[in-house]
Amino acid sequence: MKLSLTPTIRVFLVTIMLVTVVLQPYSAAHASAASLSGNQTINASLSGPSVQSRELAVMPAKPTPRPTTTAVASPTPTTVKATRTPKQTATSTPSPTLQPTSTVEPIATTTTPEPTVVIEPTLTPAPTTATPAPTAVPVAFATAMPVDPASLQLTSTLNLKVNKTGIYRVTYEMLRDAGLDLAGVAASALTVINRDNMIPIYVYVGNQPESFGPGGFIEFYGEALDTTYTDTNVYTLQVSNTLTSQIPVQDARPDMQLAAPTSYTKTLRVNNQNKFANYAPGTEAWYDTSMSVTTASKSWDFTFQINGLVDAPAALELVVWGVTNWTANPDHHLVVNINGLQVTDQKFDGLVAKNFKIDLSAGVLREGTNTLQLTVPGDLGTQSDTIVLDRYSITYQQAFNAQNGGLSFTSLDDLFTVSNLPGQNVVAYGLRNGGLVRLGNIDVQPVGETFTANFAGTNQSDTFLLATAETLLTPVLEAARLKADLTSPAEYLVISHPDFISGLEPLVQARQAQGLTVSVVDVNDIYAQYSYGVFDAQAIKKYIAYAAQNLGTRYVLLVGGDTYDYRNYLGYNSISFIPSLYVATGPGAKFIAVDPLYADVDGNYVPDLAIGRFPVRTNEELSRLIGKTLAYANKSYSGTAVFASDVIDGAASFKNLSDKLATGIPSDWTVQSIHMDDLGAAAAKTQLLDAMNRGTALITYNGHSSPSAWSSLFTTSDVAALTNAGSPFVAVQWGCWNTYYVDPANDYLVQKFLLSGDNGAAAVLGGTTLIYFGSEEMFGPLLTPRLATPGLSVGQALQDAKAQLGQNDPGLIDVLLGWTLMGDPALIITP
Ligand SMILES: [Ca+2]
Ligand SMILES: [Ca+2]
Ligand SMILES: [Ca+2]
């Protein structure tokens, strides 16, 4: 069986070992003791089953195990480097090499992130008797309205952070304990703001009827986010001079002569985010389970619970990805059973996301535990069949019985009866087109040990949210940030996680001494002003665009490491100090971290500023990297370069490309060529290590690579043996994945070169994705001479080379965005 490839694209495969890696106790470098900022609250309650085995991000590369790892060999193909003509087409996908090849069993970290302030709710009796007198006629639903900034008293502000959607209650006492005592404030002056809109709130003033105080509370409808970066939305409580948006109370006194419906249509959604796949063909990179067979059928069971099933026709929606991509069509065969009954049999082709909607007859679903079984028969004659379960949902008829203290449903009727409520203080809201009413005069009756609530519907299809007062959601309270001045001139703009700001001083002084205006900005101030306090990489992009247009910014340095596991699905507690933007760089690389996109101000995928990152996680790492950056400026070995290359691979001669790039170096430099084709692996490695150790300004490599190795020439474990302390080099890596920096559990070449000691590199350039040989043939000759140009910074050299490349080849996203700088963009290779 041959891989499906278009004639213009050649993909080189090598066989690597499947390694089962047992990590050492979680590296301090990843789960640093550094405090989590308020914007990086980690959701401790992960939904779904705990992750038993964890895979690395799918990378067509060979991970290098840490020193104490044990490896279990099993051959698996993987893509290391592809050659192609410069223009990509969407039809080539180097699968089945996309299949995950490694599993990582992390040792649980003992580092527990500092929690943000969580205020335990004070149980407050619900105002079932204190509800304002009901009106007999329906009231208008209250909706959000733009806020008038002049009406706000900014001295009294508190952030209310929510990560679930529903009705929230925050009490006077919780606010007081968080530092905001609102005793005596008129209810009408309390304002909750989200994204520059006043949202409607319900205020119960408490024991004194005149103004807010003890026993009082505020209720609001909080909506969680669901982005790559966070589930946490930020609302701000402020005191306003003008009347604010109050939620009206609707008389919901039930007419018990009417008949209440017995069920509503419920959709149970199961989206376990167990593993990350950067090749994912769907809309997001996280999936539930990868299912792979060769020629023998295999089945996977997924169980889900239904409590309160009303037997009726139902539906299953299944989102799966075809992964393997052979010349055969179809590549995939999937049989779906529910509770032992086959409900569909599907065949499909290629690397693709499929959304199957399957009707289920009455009787298929059961009360209690149900089993979705997915079977991959492996009977298509292909070498293997890999299908990924991304998510599924079940839509069925559900009785009106509360679970976990409440119930939310959408239905149309004039009377509703909700049973199984754990308390008698029932709070209920109606939601229509984003507008809210609070329901008054609900009839609550004890039934055995639980309670049943009866209330009038509206005969419109409204959403109702019921909960007992004790089970209402509680926001996390946090002092709102004062507005920082982010308008200082910043030719050299540093965007830093707060942990590292004080440690940046030596670098700031050095750049100021060059005559650059320097501004160091706390990334949390950027979130506060550009994303309403929400943790979002887009805020950083917006601010950089502002700085480019208004602050004279030419250089951007991001200070802080990153992880692709922003929402801690894997439970490693890895921290994103500065998040990354993600983009598709090719047909098999869909979710790729790319800092250069931050520097693209006009949206054409060509960077407009010089940008680099210090991927540090501790102040010790920052200190080392600044030390090397400044030492490199004073190096005694300027004008020295090494051009090393991998063995030839078919039509891809890395030696030839290396020699071609070396012609871009000025003739007064000392250039050493180290070609594996000429020397063999062992001698080449010896010469390379010698060159690194004696002090060489520029070390370039051409060839197959991974996050942890340059072919067999150099690996992460070789860095520790380098003896070039005080004589760092700049590494320029032509190959795939060698600059990958967002793994949540492993340090790779980037971190080893830059951060592990006083040896290694002062800056690293290369790919964070699968890079095409043809792209590098175009880009390499543009970049190399610029790196050697006297006085031209490495960041400027990259920007200029990409600008020139983009004029003729704007589609080469793999290098325009996937080729990055880890280090100071103002670093100069040749003074
Ligand atoms: Ca998913
Ligand atoms: Ca196929
Ligand atoms: Ca641009």
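Since we're looking at a predicted model, the values are computed, not measured.

Engineer: How should the overall build of the protein chain be read in this particular structure?
Structural biologist: What the protein chain contains, in helices and strands, is twelve helices and 48 strands. Expressed as a percentage of its 831 residues, the buried residues of the protein chain come to 60%. Look at the contacts in the protein chain between residues 6 or more apart in sequence, and 80% of them connect residues 24 or more apart.

Engineer: I'm lost on the coordination of the calcium ion (ligand 3) in this one. Help?
Structural biologist: The textbook angles at a metal center are 109.5 degrees for a tetrahedron of four donors and 90 or 180 degrees for an octahedron of six. Looking at the calcium ion (ligand 3), the protein donor atoms are Asp600 (OD), Asp602 (OD), Asn604 (OD1), Val606 (O), Asp608 (OD) and Asp608 (OD), and they sit 2.1 to 2.8 Å from it. Because the angles between the six donor atoms bound to the calcium ion (ligand 3) fall within 49 to 170°, the donor set is best described as irregular. Donor residues binding the calcium ion (ligand 3) come from one chain and are separated in sequence as D-x1-D-x1-N-x1-V-x1-D.

Engineer: What am I meant to see in the side chain of Ser245 here?
Structural biologist: Along the chain, Ser245 turns up in the loop between β13 (233-240) and β14 (249-251). In this structure Ser245 comes out as buried when scored by relative accessible area, which is 5%. Among all residues touching Ser245, those that are not within four sequence positions of it are Ala142, Thr143, Met145, Met198, Ile199, Pro200 and Ile201.

Engineer: Help me out: how do you make sense of the coordination of the calcium ion (ligand 2) in this one?
Structural biologist: At 2.3 to 2.8 Å from the calcium ion (ligand 2) lie its protein donor atoms, namely Trp326 (O), Ala328 (O), Asp331 (OD), Asp331 (OD) and Asp349 (OD). Going along the chain, you hit the donors of the calcium ion (ligand 2) in the pattern W-x1-A-x2-D-x17-D. Judged by its relative accessible area of 21%, Ala328 falls in the partly exposed class.

Engineer: Would you mind going over the sheet that holds strand β24 (residues 368-376) with me for this structure?
Structural biologist: Hydrogen bonding along the main chain pairs the strands of a sheet, whether they run parallel or antiparallel. Spatially, the four strands line up as an open sheet ordered β19-β24-β21-β22, and their pairing is antiparallel. Of all the strands in the sheet, the pair left with one neighbour each is β19 (298-306) and β22 (341-348). Going across the sheet, the axis of each strand differs from the next one's by a mean of 20°, ignoring polarity. Alignment of β19 against β24, held across nine bridges, turns out to be antiparallel.

Engineer: It is not clear to me how the nonpolar core should be interpreted in this structure. Could you clarify?
Structural biologist: Where a protein is soluble and globular, its nonpolar side chains tend to be buried together. If you look at the biggest cluster of nonpolar residues, it comprises 145 residues, and the most contacted ones within it are Ile495, Leu688, Phe753, Leu765, Leu783 and Trp819. The greatest single-element share of this core, amounting to six residues, is contributed by helix α4 (residues 537-550). The next biggest cluster of nonpolar side chains, apart from the first, holds 31 residues, and it includes Phe304, Leu360, Leu372 and Val376.

Engineer: For this particular structure, what's the right way to read the packing of helix α2 (residues 505-513) against helix α5 (residues 619-633)?
Structural biologist: Put simply, α2 and α5 touch, their axes get as near as 9 Å, and they point 25° apart. Between α2 and α5, the interaxial angle falls into the category roughly parallel. Crossing of α2 against α5: the hand is left-handed. In contact with Pro506, Leu507, Ala510 and Arg511 of α2, α5 contributes Ile626, Thr629 and Leu630.

Engineer: Which parts of the structure should I look at to understand the pattern of salt bridges?
Structural biologist: A side chain with one charge can pair with a side chain of the opposite charge if their charged atoms come near. In this structure the tally under the stated criterion is 15 salt bridges. Note that Glu478 is salt-bridged to Lys161, the shortest N-O span being 3.0 Å. Of this pair, Glu478 sits in strand β33 (residues 476-479) while Lys161 sits in strand β7 (residues 152-162), and the two are 317 residues apart along the sequence. On the accessibility criterion, Glu478 (19% relative accessible area) is buried. On the accessibility criterion, Lys161 (5% relative accessible area) is buried. Between Asp462 and Arg432 there is a salt bridge, and its shortest N-O distance comes to 2.8 Å. Here Asp462 is found in strand β32 (residues 462-468), whereas its partner Arg432 is found in strand β28 (residues 426-432), with 30 residues between them in sequence.

Engineer: Explain the environment of Arg511 to me, please; I cannot follow it from the model alone.
Structural biologist: Locating Arg511 in the fold gives a position in helix α2. Assessed through its relative accessible area of 7%, Arg511 is described here as buried. Taking C-alpha positions, Arg511 is 7.7 Å from Tyr492, a pair spaced 19 residues apart along the chain. Residue contacts for Arg511: discarding those within four places in its chain leaves Tyr492, Leu516, Val518, Thr629, Asp824, Ala826 and Leu827.

Engineer: Would you mind showing me how to read unusual backbone geometry here?
Structural biologist: Note that the residue after Asn329, namely Pro330, is joined by a cis bond; omega there is 5°. Among the secondary structure elements, Pro330 is positioned in the loop between β20 (309-322) and β21 (332-338). At Asn568, a residue that is not glycine, the phi angle is positive and equals roughly 55°. Looking at the element boundaries, Asn568 is found in the loop between β36 (555-559) and β37 (582-583).

Engineer: When you look at α4 in this model, what are you seeing that I'm missing?
Structural biologist: Along an α-helix, residues three or four apart share an orientation, since each turn contains 3.6 residues. Spanning 14 residues, α4 covers 20 Å between terminal C-alpha atoms, matching the ideal 20 Å at 1.5 Å per step. Residues of α4 that are buried: Ala537, Ala539, Ile540, Lys541, Tyr543, Ile544, Ala545 and Ala547. In this structure, the buried side of α4 is in contact with β34 (492-496), β35 (518-522), α3 (523-530) and β36. The backbone nitrogen of Gln538 lies 2.9 Å from a side-chain oxygen of the residue at the head of α4, namely Asp536. The first or second residue beyond α4 is Gly552, which carries a positive phi of 75°.

Engineer: Mind showing me how you'd approach the environment of Ala296 here?
Structural biologist: Positionally, Ala296 belongs in the loop between β18 (289-293) and β19. Apart from residues lying up to four places away in sequence, Ala296 is in contact with Val376 and Pro377.

Engineer: Help me out: how do you make sense of the pairing of strand β8 (residues 166-171) in this one?
Structural biologist: The buried fraction of β8 is high, at six of six residues. Bridge count between β8 and strand β12 (residues 217-222): six bridges; the pairing is antiparallel. Each residue of the ladder has a partner; that of Ile167, found in β12, is Tyr221.

Engineer: For this particular structure, what's the right way to read the packing of aromatic side chains?
Structural biologist: When we look at a pair of aromatic rings, we describe it by the centre distance and by the angle of the planes. Applying the stated criterion across every chain, the model contains 42 aromatic pairs. Judged by centre distance (6.3 Å) and plane angle (55°), the rings of Phe535 and Tyr566 are tilted. Linking Phe535 in the loop between α3 and α4 with Tyr566 in the loop between β36 and β37, this pair joins segments that are 31 residues apart in sequence. Assigned by exposure class, Phe535 and Tyr566 land together as buried.

Engineer: Could you clarify how one ought to interpret the packing of helix α6 (residues 654-662) against helix α10 (residues 773-787) in this entry?
Structural biologist: Pairs of packed helices are described in terms of their axes, by the angle between the two and the distance that separates them. With their axes 9 Å apart at the nearest point, α6 and α10 run at an angle of 20° to one another. Classified by the angle between their axes, α6 and α10 sit roughly parallel to one another. Along this stretch, α6 crosses α10, giving a crossing that reads as right-handed. Where α6 abuts α10, its residues Phe654, Leu657, Lys660 and Leu661 lie against Phe773, Glu777, Gly780, Pro781 and Thr784.

Engineer: Can you help me understand the pairing of strand β11 (residues 201-204) in this one?
Structural biologist: Consecutive side chains along a regular strand alternate between the two faces of the sheet. Across the two faces of β11 the burial is the same, with Ile201 and Val203 and Tyr202 and Tyr204 all buried. Relative to β12, β11 runs antiparallel, the two sharing four bridges. Bridged to Val203 within β12 is Ile218.

Engineer: Explanation requested: the sheet that holds strand β26 (residues 406-411) in the structure shown.
Structural biologist: Ordered by their spatial adjacency, five strands build an open sheet running β14-β29-β28-β32-β26, and the pairing between neighbours is mixed. Strands with a single pairing partner mark the edges of an open sheet, and in this sheet they are β14 and β26. Taking the axes of each pair of neighbouring strands and ignoring which way they run, one obtains an average angle of 30° across the sheet.

Parameters at a glance
- Residues numbered from 1 in each chain as written.
- Chains lettered and ligands numbered in written order.
- Predicted model: local features only at pLDDT ≥ 70, side-chain atom pairs only at ≥ 80, totals over all residues.
- Heavy atoms only, no water.
- Helix = DSSP H or I, 4+ residues; strand = E, 2+ residues; numbered from the N terminus.
- Buried < 20%, exposed > 50% of the residue type's maximum accessible area, 1.4 Å probe, protein only.
- Contact = heavy atoms within 4.5 Å.
- Donors = N, O, S within 2.8 Å, 3.2 Å for Na, K, Ca; no water.
- Tetrahedral: all angles 85-135°; square planar, octahedral: opposite > 155°, others 65-115°.
- Pairing = 2+ DSSP bridges.
- Axes fitted to C-alpha atoms, helices over the stretch in contact; angles between N-to-C directions.
- Core = buried A, V, L, I, M, F, W, Y, C linked by side-chain atoms within 4.5 Å.
- Parallel < 35°, antiparallel > 145°, perpendicular 65-115°, else oblique.
- Left-handed = near helix turned anticlockwise from the far one by under 90°.
- Salt bridge = Lys/Arg side-chain N within 4 Å of Asp/Glu carboxyl O.
- Expected span 1.5 Å × (residues − 1).
- Polar contact = N/O pair within 3.5 Å; in protein donor to acceptor, adjacent residues only side chain to side chain.
- Phe/Tyr/Trp six-rings, centres within 6.5 Å; stacked < 30°, edge-to-face > 60°.

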